[in-house]
Amino acid sequence: AGVILASHGGGDLTAAGVALAILSNFGFSARPFLAQRVKKSAACKGLSDTALFLHVMLVAAALLPPAALLAEGWTMPATMRRLASSGMTRQFMADVVFSGVSFFVYQFAQLRVMSRLAPLTFSVLTPLTKASMIAACALYFGDPFGSKN
């Protein structure tokens, strides 16, 4: 989310974009350390990495819809009407499901990798893989590289 918000200005370098990108990278880099602390807590004793991951995903799935409704719920009726009038409701729902499943697989794969690496190693690799993915996507989609981006 931080990288999406950071790039919302069309790739122009802004203070808010830089701050959001830094926060996003901090969150991703801190994840392995936080995961180890959660796993060592009394509430999670005996849970496998997979079970812990599924519990975290379920909590996030329960908390996200109310947060999204509070932040943007007022725009939903008009947006759904526009989707229905354009005939794109089915495509939109398919995209949402595909995106959710893809994100789950991505997170699960990261969990499996994280469980095999030291937290510091994973924290260093995460921003590198994100930067590589951004560069690969920019090259694939033909986005220009310049001094501002």
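Residues numbered from 1 in each chain as written. Predicted model: local features only at pLDDT ≥ 70, side-chain atom pairs only at ≥ 80, totals over all residues. Heavy atoms only, no water.

1. Topic: the overall build of the protein
What counts here: Helix numbers and strand numbers start at the N terminus; a helix is a DSSP run of H or I with at least 4 residues, a strand a run of E with at least 2. With a 1.4 Å probe rolled over the protein chains alone, any residue whose accessible area is under 20% of its type maximum counts as buried; one over 50% counts as exposed, and the rest are partly exposed. Throughout, the Shrake-Rupley method with a 1.4 Å probe supplies accessible areas, and for residues the shown protein chains are the sole cover considered.
Of the regular secondary structure elements, the protein holds six helices and zero strands. N-terminal to C-terminal, the α/β element order of the protein is α-α-α-α-α-α. The burial tally for the protein puts 15% of its 149 residues in the buried class. Accessible area for the protein stands at about 11,200 Å²; split by element, carbon and sulfur atoms hold 74% of it.

2. Considerations on the confidence of the model for the protein
To be explicit about the condition: The quantity known as pLDDT measures the predictor's confidence residue by residue, on a range of 0 to 100.
Mean pLDDT over the protein: 78, with 86% of residues reaching 70 or higher. Here helix H1 (residues 2-6) stands out as the element of the protein with the lowest mean pLDDT, 51, in contrast to helix H4 (residues 76-86), whose mean of 91 is the highest.

3. A closer look at helix H5 (residues 89-114)
Because an α-helix completes one turn every 3.6 residues, residues spaced three or four positions apart along the sequence face the same direction. For clarity, the cut-off: Multiplying one less than the number of residues by 1.5 Å gives the expected span of a helix.
For H5, which comprises 26 residues, the first-to-last C-alpha distance of 37 Å matches the rise-based estimate of 38 Å (1.5 Å per residue) to within 8%. Among the residues making up H5, those that are buried are Gln107, Gln110, Leu111 and Met114.

4. Some points on helix H6 (residues 119-141)
With 23 residues, H6 ought to run about 33 Å at 1.5 Å a step, and its terminal C-alpha atoms sit 33 Å apart, in line with that. For H6, every residue scored as buried is listed here: Pro119, Phe122, Ser123, Thr126, Lys130 and Ala138. With its phi angle positive at about 75°, Gly142 sits one or two positions after the end of H6.

5. Side note on a nonpolar patch on the surface
Put simply, the rule is: Patches here are clusters of residues that have more than 30% relative accessible area and form no salt bridge, with a 9 Å joining cutoff for like charges and a 5 Å cutoff for nonpolar side chains (Val, Leu, Ile, Met, Phe, Trp, Tyr). Between Lys or Arg on one side and Asp or Glu on the other, a salt bridge is scored when a side-chain nitrogen of the former is within 4 Å of a carboxyl oxygen of the latter.
Residues Phe33, Val113, Leu117, Leu120, Val124, Leu125 and Leu128 make up a contiguous nonpolar surface patch of about 610 Å² in total accessible area. Sort the elements by how many residues they give to the nonpolar patch and H6 lands first, with four residues. Checked against the element boundaries, Leu120 lands in helix H6. Taking the relative accessible area as the measure of exposure, Leu120 reaches 59% and is therefore exposed.

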